[in-house]
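Summary of the model geometry
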Amino acid sequence: MGKVVTPVNIDNEHWCLIFVDMVLKIINLILLNHSNQLLFDEMSLFGYLLMWILSLISLFIIFFLKTIQYFDSLGGKGKKYLDGMEAYLKDENIQMGQRNTDHNVKDWKKWTQISNGKLSTPQQDNGVDCGVFVCVFANLLSFNKPINFSQKDILDIRKRI
């Protein structure tokens, strides 16, 4: 799984978006000392040998960055929707783990929940454009694009949709 985009309807009056992103992160380890020089700066025979070996073998830490984000063009926090999506994902993973040994359920214990507030989420200035905002959020997030639109762009976006 990489991304899950889920529209959320609140009381048949408003649309928001839950965006789940599970990204495989790989960090290459570099051996440094306190002066930002390679740890084996004093090139003894052992130092040369170790540096040669390290140049052939890259050390990596591999982990999953798991985030659940809530986007609301009216500025809601969406805590219960974030919690609900996290519970669903954990339940799904447990079921998948029982069928597929490639999934390690223990690695899925904690998700990072992000409720994107008014400062980071474009806000609508009326009561009718939430659906368009959700469509744009979903489109931009799906393609790893920055969310850089505002209410003034909605009329043109409606025409393109």
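Residues numbered from 1 in each chain as written. Predicted model: local features only at pLDDT ≥ 70, side-chain atom pairs only at ≥ 80, totals over all residues. Heavy atoms only, no water.

From N to C terminus, the chain includes 4 helices and 4 strands. Ordered by position from N to C terminus, the α and β elements of the chain give β-β-α-β-α-β-α-α. Here the chain holds 161 residues, and 32% of them are scored as buried. Long-range pairs, those at least 24 residues apart, make up 63% of the contacts in the chain with a sequence separation of at least 6. (Helix = DSSP H or I, 4+ residues; strand = E, 2+ residues; numbered from the N terminus. Buried < 20%, exposed > 50% of the residue type's maximum accessible area, 1.4 Å probe, protein only. Contact = heavy atoms within 4.5 Å.)

Per-residue pLDDT for the chain averages 76, and the proportion of residues at 70 or more is 65%. pLDDT under 50 marks residues 101-106. Its contacts with residues more than four places away, or in other chains, come to 7 contacts. (pLDDT = per-residue confidence, 0-100.)

Turning our eyes to something else, we now look at the side chain of H14. By the element assignment, H14 lies in strand 2 (residues 14-28). A distance of 2.6 Å separates polar atoms of two side chains, one belonging to H14 and the other to D72. In this structure H14 touches V8, N9, D72, S73, L74, Q124 and C130, once residues within four positions along its chain are discounted. (Polar contact = N/O pair within 3.5 Å; in protein donor to acceptor, adjacent residues only side chain to side chain.)

Take the environment of S142 next. As for its placement among the helices and strands, S142 is situated in helix 3 (residues 130-142). Classification of S142 as partly exposed rests on a relative accessible area of 31%. Each C-alpha atom, one on S142 and one on K3, is 7.3 Å from the other, the two residues being 139 residues apart in sequence. Look past the residues within four positions of S142 in its chain and what remains in contact with it is K3, V5 and F19.

Judged by nonpolar contacts, the single largest core of 14 residues is most densely connected at L17, F137 and F149. Counting only elements with at least two residues in this core, the list comes to strand 2, helix 3 and helix 4 (154-160). The biggest single contributor to this core is helix 3, with 8 residues. Not counting residues within four places of it along the chain, the set of residues in contact with F137 comprises L17, F71, S73, T121, P122, I147 and F149. If you look at the next biggest cluster of nonpolar residues, it comprises 11 residues, including V8, V20, I68 and W111. (Core = buried A, V, L, I, M, F, W, Y, C linked by side-chain atoms within 4.5 Å.)

Here the focus is unusual backbone geometry. Despite not being glycine, D11 has its phi angle at roughly 55°, a positive value. Along the polypeptide, D11 turns up in the loop between strand 1 (3-10) and strand 2. Even without glycine at this site, N12 takes up a positive phi of about 55°. Relative to the helices and strands, N12 is located in the loop between strand 1 and strand 2.

Along an α-helix, a turn takes 3.6 residues, which lines up residues three or four apart on a common side. Its 13 residues place the ends of helix 3 18 Å apart at the C-alpha level, agreeing with the 18 Å of an ideal helix rising 1.5 Å per residue. Among the residues of helix 3, C130, V132, F133, V134, V136, F137, A138, L140 and L141 are the ones counted as buried. A positive phi of about 55° marks N144, the residue just after helix 3. (Expected span 1.5 Å × (residues − 1).)

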